[in-house]
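So the chains spell out like this:
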Amino acid sequence: MIRHVRPRYLAIQVESEDTLEEEDVKEAVWTAVHQLFGEYGASKAGLFLVEYDKQKKYAVLRCGHKALPMVHASVASVTKIKDKPVSLHVLRVSGTLRALSKKCRV
Amino acid sequence: MTEFADLHLCVPFRNTEQQKRLIAKSFELGYRLVGIPLPPNTSPEEVAHLRKICTDAGLDFVSRVDLAPKTTRDLIASLRRLRRRFEVVSVLCVSKPVARQAAKDRRVDLLSFPVARPRDRFFDRAEAELASESLASFEIDMAPLLSSEGFLRTRLLASLRREVTVAQSLHVPVTISSGATSEHLLRRPHDYAALTMLFDMDSSLALNALSDVPSTLVERNRQKLSQGFVAPGLRVVRRGKDP
């Protein structure tokens, strides 16, 4: 059976001077999606923070395949977390977590 | 493999440490060619210094000058004085006459428009027609899009959407540059391509605007600035009597 919503996993590198908590990153991405696409867009994103490594500053986000461009744009648009300059870089996108970890080798 | 270019990396002119950091970051993010805006009175030594930093970091350096003339007379005078000294010439079009003159002048490579004043963005069909004949490219800086928010960003996105549609319909090349003044405003080329969906630009076109369009522009200008160049398709191969 064809799955209508196929997952996409995004490996994200968090660049900031301070160490950020998982909640901060999650909130920043959600806020960005809300700002750019509104509540309707955010509801379609199916956004979920799968993994966050505070030390390596590495996160994995999951979203629906149709919402990938929207989530990618939102992640790239994050410039501040808690009024501190931050940039989030999407390193890789994959359909499975296993393939993503193979590609990134973090 | 696609080589990405960023023709507008705004490194601070006299801060070597910051210059090195930004240039290294640019390389790390996947760019292989960077254009750095320089003041018109830059000495050749300062250009050589920046070129060395870029070469050491593994980047191809492109010298660029940003002109913001108030009148067409100023524009023409600046172009006459500076065209042969810089590989890329960009004009910030602050008035309609300047925008029209810049679009039809073959010495202008990049057309950019003020971000803060949407009424002063004169990139309409007439401008695009002139630009398409003179091979000038429409430049989009991504830093203002990242740093603005709320109503300002909404207005900017609306302007960009209209301008990109006009540029595509009249085959004006679009160049996407970072316009970044700090590392936190730099993004990977694919991240910029993703951001262009906000103004309805196709991602393949966006990637083209980050790679082929700027690379072709630089290559063409380097040929023009090379010693043997006479006219497009015509260059001096040897001088003096044939053997």
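Residues numbered from 1 in each chain as written. Chains lettered and ligands numbered in written order. Predicted model: local features only at pLDDT ≥ 70, side-chain atom pairs only at ≥ 80, totals over all residues.

Would you take a moment to explain the overall build of chain B for this structure?
A tally of helices and strands in chain B yields ten helices and nine strands. For a compact globule of 243 residues, the expected C-alpha radius of gyration is about 18 Å, and chain B comes in at 18 Å, within 12% of that figure. Taken along its principal axes, the extent of the C-alpha atoms in chain B is 65 × 40 × 35 Å. Pairs at least 24 residues apart make up 70% of the contacts formed inside chain B by residues separated by at least 6 positions. (Helix = DSSP H or I, 4+ residues; strand = E, 2+ residues; numbered from the N terminus. Rg over C-alpha atoms; globule rule 2.2 N^0.38 Å. Contact = placed C-beta atoms within 7 Å.)

Quick question: what am I supposed to make of the overall build of chain A here?
Helix and strand counts for chain A stand at three helices and five strands. Helices and strands in chain A line up, N terminus first, as β-α-β-β-α-β-β-α. Against the compact-globule benchmark of 13 Å for 106 residues, chain A has a radius of gyration of 13 Å, which places it among compact chains. The C-alpha extent of chain A, read off along each of the three principal axes, is 45 × 35 × 20 Å. With 106 residues in all, chain A has 34% of them scored as buried. A sequence separation of at least 24 residues applies to 64% of the contacts in chain A between residues at least 6 apart. (Buried ≥ 20, exposed ≤ 12 C-beta atoms within 10 Å, placed from the backbone.)

I would appreciate a short explanation of the pairing of strand β4 (residues 88-92) of chain B in the present structure.
All names here are of chain B. Buried residues dominate β4, accounting for four of its five residues. Direction of pairing for strand β3 (residues 60-67) relative to β4: parallel, over a ladder of four bridges. By the bridge assignment for β4, Asp66 is matched with Ser90. Read as a crossover between parallel neighbours, the route from β3 over helix α3 (residues 72-82) to β4 is right-handed. Judged from the three bridges that link them, β4 and strand β5 (residues 110-112) form a sheet pairing that is parallel. Residue pairing for β5: Leu92 is matched across the bridge by Ser112. (Pairing = 2+ DSSP bridges. Right-handed = clockwise from strand over helix to strand, strands pointing away.)

Before we go on, may I ask you to explain the sheet that holds strand β6 (residues 137-141) of chain B in this structure?
Residue and element names in this part refer to chain B. The seven strands are arranged β1-β2-β3-β4-β5-β6-β7 in an open sheet whose pairing can be described as parallel. Each of the sheet's edge strands pairs with one partner strand only, and the pair in question is β1 (4-6) and β7 (174-177). Taken over all neighbouring pairs, the strand axes of this sheet differ in orientation by 30 degrees on average, direction set aside. (Axes fitted to C-alpha atoms, helices over the stretch in contact; angles between N-to-C directions.)

I'm lost on the sheet that holds strand β2 (residues 48-53) of chain A in this one. Help?
Consider a sheet: its strands pair through backbone hydrogen bonds, and that pairing is either parallel or antiparallel. Residues and elements named next belong to chain A. Strands sit in the order β2-β3-β1-β5-β4 across an open sheet of five strands; the sheet is antiparallel. With partners counted over all chains shown, the strands left at the sheet margins are β2 and β4 (80-81), one partner each. Where β4 and strand β5 (residues 84-94) come together, two bridges link them in antiparallel fashion. Each residue of the ladder has a partner; that of Lys80, found in β5, is Pro85. Together, β1 (7-16), β2, β3 (58-64) and β4 form the strand contacts of helix α1 (residues 22-45), whose direction differs from that of β2 by roughly 160 degrees. Along the sheet, helix α3 (residues 97-104) makes contact with β1, β3 and β5, crossing β5 at roughly 110 degrees.

I tried to follow the confidence of the model for chain B on my own but got confused; where do I start?
Low pLDDT marks regions whose predicted coordinates should not be analysed in detail. Across chain B, the average pLDDT comes to 92, with 99% of residues at or above 70. For this predicted complex, the interface score ipTM comes out at 0.92, while the overall pTM is 0.92. (pLDDT = per-residue confidence, 0-100.)

Sorry if this is basic, but what is going on with the interface of chain B and chain A here?
By a frequent convention, interface size equals the accessible area lost on bringing the separate parts together. Facing twelve residues of chain B, the contacting portion of chain A comprises 13 residues. Taken together, the elements giving at least two residues each to the side of chain B that touches chain A come down to α6 (143-147) and α8 (189-195) of chain B. The dominant element in the side of chain B that touches chain A, judged by the number of residues it contributes, is α8(B), at four residues. Of the residues in the side of chain B that touches chain A, the class split is five nonpolar, three polar and four charged. (Nonpolar A, V, L, I, M, F, W, Y, C, P; charged D, E, K, R; others polar.)

Can you walk me through helix α9 (residues 203-210) of chain B in this structure?
Working note: α-helix, 3.6 residues per turn, so residues spaced by three or four point in the same direction. Residue and element names in this part refer to chain B. For α9, the complete set of buried residues consists of Ala206, Ala209 and Leu210. Buried positions in α9, seen along its axis, are confined to an arc of 100 degrees and lie on one side of it. Buried positions along α9 lie against β1, β7, α8 and α10 (212-225). (Arc of directions from axis to C-beta.)

Just checking my understanding: could you explain the nonpolar core for this structure?
One broad trend across soluble globular proteins is that nonpolar side chains are buried collectively. By size, the foremost hydrophobic cluster in this structure holds 97 residues, and its most contacted members are A:Leu10, A:Val71, A:Val75, B:Val34 and B:Leu111. In terms of residue count, the dominant contributor to this core is α1(A) (seven residues). Residues within four places of B:Leu111 in sequence aside, it is in contact with B:Val91, B:Cys93, B:Ala102, B:Ala103, B:Phe123, B:Ala131, B:Ala136, B:Phe138 and B:Glu139. (Core = buried A, V, L, I, M, F, W, Y, C linked by C-beta atoms within 7 Å.)

Would you mind going over unusual backbone geometry with me for this structure?
Note: most peptide bonds trans; most residues except glycine with negative phi. In the Ramachandran plot, A:Lys82 falls in the positive-phi region, its phi being about 55 degrees despite a non-glycine side chain. In this structure, A:Lys82 sits in the loop between β4 and β5. Classification of A:Lys82 as exposed rests on a count of 12 C-beta atoms within 10 Å. Located in the positive-phi region is B:Asp200, a residue other than glycine, with phi close to 60 degrees. Turning to its location among the elements, B:Asp200 is positioned in the loop between α8 and α9. Under the C-beta neighbour-count criterion, B:Asp200 is labelled partly exposed, with 13 such atoms within 10 Å.

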